[in-house]
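# Overview (structure and organization)
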Amino acid sequence: MSKDLLRMKTKQNGNGLSSSGWEMRPGGMLVQQRSSDSYQSSVTVPTIKIKVKYGSSYHEIKISSQATFGELKKMLAGQTGLHPEDQKIFYKEKERDSRSFLDVAGLKDGSKLVLIEDEISKEKRFVESRRNAKMENALKEIIAIRLDIDKLAKQVANVEMDIYGGKKVTETLLLSLIELLMTQLIKLDGITADGDLKLQRRMQVKRVQKYIETLDMLKIRNSALGNHNAKVQMHHKNGIFTGQMPKSMYYNQEQRKRVSFADQRNPGPVVVTTKWETF
């Protein structure tokens, strides 16, 4: 190339771009501009045909000379089945970065490259994909458990309304609900989760614990309802209801004193609390 032609191609305008559509790269290489503004050259970007060796096979690729090696890897993924992140491309015995441009690396029509599989990157992707799959499964399990807890919560609410309304329920129903809720706790304990999923799991654990504690309190109240009903039935059995309890059901004066003294030491009903282990 003559000095006059080189001078014409490297003539810079006010924006630091060559008026003829060329730019000087570090190292002194002269390449076409990649600017998309009004100073972009109208010169057509050439397409080159290169050969890539992978194992015992050769793959011919037609690609823009101004494409990156990353774009080349995407094209090779379709022909070789290798994920772009699992590829290593060598040109002139040097591995090329995915962000580097083909023309800057010196590729031209007929250039030959070598492709090998990056085992380390493949292993990392495999581990990451398995981790993501586990987190996805954990999320599905938590959602399913949450729906089951929602159903049990409605049953607990119905039982609570009955008991506080003075209606006695069977002990079996209360024990069955507690057992079903404990089953959900066991399921939640078997889920391995991190970050946001761990918080979601913990939230469901606290919900289950709250409902079990509620049922424990309802058992006490339900039992008290049974004692009251038994007294009323005995009273009716002995005779016509007069609004007064039979004499046999009254405490004598000394017994009343003992009861009164006991009430002062232990005011109010006995409260059962449940101690939970932290998950």
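In the nomenclature of an unreviewed UniProt entry, the protein is known as Bag family molecular chaperone regulator 3 of Nicotiana attenuata. Under the Function (unreviewed entry) heading, UniProt states for the protein: "Co-chaperone that regulates diverse cellular pathways, such as programmed cell death and stress responses."

## Here we look at the side chain of Thr68
With respect to the helices and strands, Thr68 occurs in the loop between strand 4 (57-64) and helix 2 (69-80). In this structure Thr68 touches Ser98, Arg99, Ser100, Phe101 and Leu102, once residues within four positions along its chain are discounted.

## Notes on the pattern of salt bridges
Side-chain pairs of opposite charge can arise where the charged atoms are in close proximity. Throughout the structure, instances matching the rule amount to five salt bridges. Where Arg207 meets Asp150, a salt bridge forms, and the shortest distance between an N and an O atom there is 2.8 Å. Remark: Asp150 occurs in helix 4 (residues 119-164) and Arg207 occurs in helix 6 (residues 195-238); sequence separation between them is 57 residues.

## Some words on the pairing of strand 5 (residues 87-91)
In regular strands, side chains alternate between the two faces of the sheet. Along strand 5, the buried face is formed by Gln87, Ile89 and Tyr91; none of Lys88 and Phe90, which line the opposite face, is buried. When strand 5 meets strand 7 (residues 112-117), the two strands line up antiparallel, connected through four bridges. Counted as the bridge partner of Gln87 is Glu117 from strand 7. By the bridge criterion, two bridges tie strand 5 to strand 6 (residues 94-95) in an arrangement that is antiparallel. Bridge pairing links Tyr91 to Lys94 in strand 6.

## Quick word on the nonpolar core
Leu181 and Leu215 are the most contacted members of the largest nonpolar core, which totals 27 residues. Counting only elements with at least two residues in this core, the list comes to helix 4, helix 5 (171-189) and helix 6. Those residues within four positions of Leu181 in sequence are excluded, and the remaining contacts are Leu152, Val156, Val208, Tyr211, Ile212 and Leu215. Counting 17 residues, the second largest nonpolar core, distinct from the first, contains Ile50, Val52, Ala67 and Leu72.

## Comments concerning the pairing of strand 4
In this sheet, strand 4 lies alongside strand 3 (residues 47-54) in antiparallel orientation, the contact comprising eight bridges. Bridge assignment links Ile50 to a residue of strand 4, and that residue is Ile61.

## Some words on helix 5
Spanning 19 residues, helix 5 covers 27 Å between terminal C-alpha atoms, matching the ideal 27 Å at 1.5 Å per step. Where helix 5 is concerned, the buried positions are Leu174, Leu177, Ile178, Leu181, Gln184, Leu185 and Leu188. Taken end-on, helix 5 shows its buried residues confined to a sector of 115 degrees, consistent with a single buried face. Turned more than 90 degrees away from the buried face of helix 5, the exposed residues are Thr172, Glu179 and Ile186.

## Focus on the sheet that holds strand 4
Taken in spatial order, the five strands of this open sheet run 4-3-7-5-6, and their pairing is mixed. For this open sheet the edge positions go to strand 4 and strand 6, each flanked by a neighbour on one side alone. Sheet contacts for helix 2: strand 3, strand 4, strand 5 and strand 7; angle to strand 4, the most-contacted strand, approximately 135 degrees.

## Some details on unusual backbone geometry
Backbone geometry places Lys92, a non-glycine residue, at a positive phi of 55 degrees. Counting through the fold element by element, Lys92 comes out in the loop between strand 5 and strand 6. On the accessibility criterion, Lys92 (63% relative accessible area) is exposed. Although it is not a glycine, Glu93 sits at a positive phi angle of roughly 65 degrees. In this fold, Glu93 is placed in the loop between strand 5 and strand 6. With a relative accessible area of 81%, Glu93 lands in the exposed category.

## Observations concerning the side chain of Gln204
Topologically, Gln204 is positioned in helix 6. The residues touching Gln204, leaving out its near neighbours within four places in the chain, are Ile142, Arg146, Ile149 and Leu188.

## Examining a positive patch on the surface
Residues Lys49, Lys51, Lys62 and Lys112 make up a contiguous surface patch of positive charge. Structurally, Lys112 is set in strand 7. For Lys112, a relative accessible area of 57% gives the class exposed.

About the cut-offs
Residues numbered from 1 in each chain as written. Predicted model: local features only at pLDDT ≥ 70, side-chain atom pairs only at ≥ 80, totals over all residues. Heavy atoms only, no water. UniProt positions renumbered as here; feature names shortened; annotations may be inferred. Helix = DSSP H or I, 4+ residues; strand = E, 2+ residues; numbered from the N terminus. Contact = heavy atoms within 4.5 Å. Salt bridge = Lys/Arg side-chain N within 4 Å of Asp/Glu carboxyl O. Buried < 20%, exposed > 50% of the residue type's maximum accessible area, 1.4 Å probe, protein only. Pairing = 2+ DSSP bridges. Core = buried A, V, L, I, M, F, W, Y, C linked by side-chain atoms within 4.5 Å. Expected span 1.5 Å × (residues − 1). Arc of directions from axis to C-beta. Axes fitted to C-alpha atoms, helices over the stretch in contact; angles between N-to-C directions. Patch = residues over 30% accessible without salt bridge, like charges linked within 9 Å, V, L, I, M, F, W, Y side chains within 5 Å. Areas by Shrake-Rupley, 256 points an atom, 1.4 Å probe, with all protein chains shown as cover. Lys, Arg positive; Asp, Glu negative; His and termini not counted. Charge placed at Lys NZ, Arg CZ, Asp CG, Glu CD.

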